[in-house]
Amino acid sequence: MSLYRVGAAAADAGGLVRIPFMLPTLCAGFPSPAEDFIEGALELPRWLVPNPPATFIWRVRGWCMKGAGIHDEDLAVVDRSLSPSSGAVVVAVVGGEMSLKRLVMTGNRLSLTFDNPEMDEEFALEDLEEGLLWGVLLFSVRWHHVKARASLVR
Amino acid sequence: MSRAIALIDGNSFYCSCERVFDPKLTGVPVIVLSNNDGCAIARTAEAKALGIKMGEPYFKIRDLCRRQKVRVFSSNYALYGDMSARANTVYRQFAPDVEIYSIDESFLDLSDVRERDRVALARDLRSTVRQWTGLPTCVGIGPTKTLAKLANHIAKTIPELGGVCDLSDEAERAAWMVGISVGEVWGIGRASLARLTAMGVDTVADLRDLDPRPARQSLTVVGERIIHELRGRACLPLEIVPARRKGCAVTRSFSSRITERTVLEQAVAAHATRLGEKLRRDGLAVSAVTVFYHTSEHDRGDPMRAVSKVVHLPEATNDSRHLIQAALHGVAKTWREQGPTPWRYSKAGLVTKDLVPLDGAPRPLFGALDREKSGALMAAMDACNSRFGRGAVVPARAGLVEKRTWSTKFEMRSPRFTTRLSEVPRVFAAQ
């Protein structure tokens, strides 16, 4: 299994080439002021992330998506290039905050709901303007070993 | 097929990177400050409307920012670098030949795209970048780089164009040029602007109509080239393969002035460590380094001193320890004991040129450094720092990162959202 980096230039079709996170070369114009601050990027296996430039990692806070199998402290891997469909778990702006919700389409109406059997509040999305829907959840990550998580998530 | 170059750049790029992860920043004024939180180097439209100028010192606008609730950030280069890499990945899917001009500007070769399809492609690119990365951009298209840059300026200033402007058509181009000040042309700096104004050249059209040959006298070869480029004759090729690194520098302004030798030594050693990392990443090495440190030109009335010293190494190396030794030697040779009014140093750095590939560098007959052991040790150190975060393992002389009192200040930096697992943004699944 080859590793590659989220945010890295996409590898060739075989996915075997690991391209550095940012080319350590001179720009013809201005040298990147970021160069001294470049970090090792977050790494994920290629088959998990079909579209690296559009993939971002979030940390989940709260239990409202428990019914979807997403717990507090899990990592949510979000692909912004995916188009949302009914039933998708999405990151959306609700009340000025980033929120993880399930998208429900009933006819023409789009709404966002929790997914926790113990709660059943529903948020209606009045209008879906640009920027309100941040991205679609691709998968989530949970460490089942507490010590291992502590050492990995520094 | 006619030649076509597109210039795509991020709108208020650093600010836009911050906005991607925080919805509360939408619609409010946002600025990003330079190193040590010195000057405003990126401003959103809302911040510009408040009269905040490019490069304005932060201390001058601090009150304004507080009054107007401007959101102020230190530079988060880890984030901006990653977002820039993402954007360029998207660009390459639309046009394989990309020249990364700066962290937020890239030239794309669209010559193979049919003329009537170019604007549609640019619109598609723009909306894809927006959708995938969250970054707003503008695209300018023209037969030369200078015209692409001009088109980009038009796309930025005229909202009705929807972020895309194509100057491929000569008549259309001419119409725009009459109305744009010559100062907006790429490569026309303040000095040439004054000279042009004196010559009666006010608009881009005036500059284009200058006779290039005589113009060379007053505007140099660069000016002559600009005139040709404005006429649609390309003089600047797309630099798709970046030039090989010839020199390398690590320089930093201190967060506060340094008067003690031990502190300066630590700073210089830390710079040498960083220099080693940069060289090793590219497989390069140096056989000499220039160490410099100086007082600030802003401290008028204080004693001034600027020091620069070339130190030669026994052979080309990229071992941080040898570079530190050389750097400290440079300080030892130049340090002067402080008197009653001390020199207050504001900046130090290491500069190198004549980089050579480590593998090809000649070995000395006597006094050769132990390259094998050194390589293994440095590789282990780099591996630790890549795994556990930069600064996890440092040479003792460079000091622990947390204890460097002189480090460049980034006090209002947002989290490194995309490069550190411990700093990824939070999404709420809560009531």
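Computed from a predicted model, the values in this text were never measured in an experiment.

## Structural notes on the environment of Lys373 of chain B
Mapped onto the elements, Lys373 of chain B comes out in helix α13 (residues 371-388). Put simply, Lys373 of chain B and Thr146 of chain B are 227 residues apart on the chain and 51 Å apart in space, counted from C-alpha to C-alpha.

## Remarks on unusual backbone geometry
The backbone of Glu73 of chain A shows a phi angle near 80°, a positive value even though the residue is not glycine. For Glu73 of chain A, the location among the structural elements is in the loop between β3 (55-61) and β4 (75-79).

## Thoughts on the UniProt feature "domain: UmuC" (unreviewed entry) in chain B
The UniProt feature table records "domain: UmuC" (unreviewed entry) at residues 5-189 of chain B. Segment residues 5-189 of chain B splits into 44% helix and 20% strand. End C-alpha atoms: 23 Å apart.

## What to know about the confidence of the model for chain B
Of all residues in chain B, 99% attain a pLDDT of 70 or more, and the chain-wide mean is 91. Scored as a complex, the prediction yields pTM 0.83 and ipTM 0.81.

## Here we look at the environment of Phe56 of chain A
Its place among the elements puts Phe56 of chain A in strand β3. Here the alpha-carbon distance between Phe56 of chain A and Leu132 of chain A, two residues 76 residues apart in the chain, equals 16 Å. If near-sequence neighbours (up to four positions away) are discounted, Phe56 of chain A is found in contact with Ala76, Val77, Val78, Arg80 and Trp134 of chain A together with Phe21, Met83, Arg86, Trp132, Thr133 and Thr418 of chain B.

## Description of the domain arrangement of chain B
Put simply, an interface is often sized by how much accessible area is lost when its parts join up. In terms of domain boundaries, chain B breaks down into domain 1 (5-143), domain 2 (170-231) and domain 3 (247-399). The C-alpha centroid of domain 2 of chain B is placed 27 Å from the C-alpha centroid of domain 1 of chain B.

## Remarks on helix α11 (residues 261-281) of chain B
Residue and element names in this part refer to chain B. A rise of 1.5 Å per residue sets the reference length of α11, with its 21 residues, at 30 Å; its end C-alpha atoms lie 30 Å apart and thus fit the reference within 8%. Summarising burial for α11: 17 of the 21 residues are buried, a large majority. One or two positions beyond α11, positive phi appears at Gly283, with a value near 70°.

## Comments concerning the side chain of Ser168 of chain B
Residue and element names in this part refer to chain B. As for its placement among the helices and strands, Ser168 is situated in the loop between β8 (164-166) and α7 (170-178). The buried category is assigned to Ser168, whose relative accessible area is 18%. At 2.6 Å, the side chain of Ser168 and the side chain of Asp166 are in polar contact. Residues in contact with Ser168, not counting those within four places in the same chain, are Glu115, Arg118, Ile141, Pro143 and Arg173.

## Quick word on the pattern of salt bridges
As enumerated under the stated definition, the model contains 26 salt bridges over all chains in all. The partner of Arg102 of chain A in a salt bridge is Asp115 of chain A, with the nearest N and O atoms 2.7 Å apart. On the criterion of sequence distance, the pair formed by Arg102 of chain A in strand β6 (residues 97-106) and Asp115 of chain A in the loop between β7 (109-113) and β8 (122-124) is long-range, its members being 13 residues apart. Overall, Arg102 of chain A belongs to the partly exposed group, its relative accessible area being 23%. Residue Asp299 of chain B pairs with Arg257 of chain B through a salt bridge whose shortest N-O separation is 2.7 Å. Of this pair, Asp299 of chain B sits in the loop between β10 (284-295) and β11 (306-317) while Arg257 of chain B sits in strand β9 (residues 248-258), placing them 42 residues apart in sequence. Residue Arg257 of chain B is classed as partly exposed on the basis of its relative accessible area of 31%. Residues participating in the shared-partner salt-bridge network are Arg257, Asp299, Asp302 and Arg344 of chain B.

So, how was this worked out
Residues numbered from 1 in each chain as written. Chains lettered and ligands numbered in written order. Predicted model: local features only at pLDDT ≥ 70, side-chain atom pairs only at ≥ 80, totals over all residues. Heavy atoms only, no water. Helix = DSSP H or I, 4+ residues; strand = E, 2+ residues; numbered from the N terminus. UniProt positions renumbered as here; feature names shortened; annotations may be inferred. pLDDT = per-residue confidence, 0-100. Contact = heavy atoms within 4.5 Å. Domains from an automatic or database assignment. Expected span 1.5 Å × (residues − 1). Buried < 20%, exposed > 50% of the residue type's maximum accessible area, 1.4 Å probe, protein only. Polar contact = N/O pair within 3.5 Å; in protein donor to acceptor, adjacent residues only side chain to side chain. Salt bridge = Lys/Arg side-chain N within 4 Å of Asp/Glu carboxyl O.

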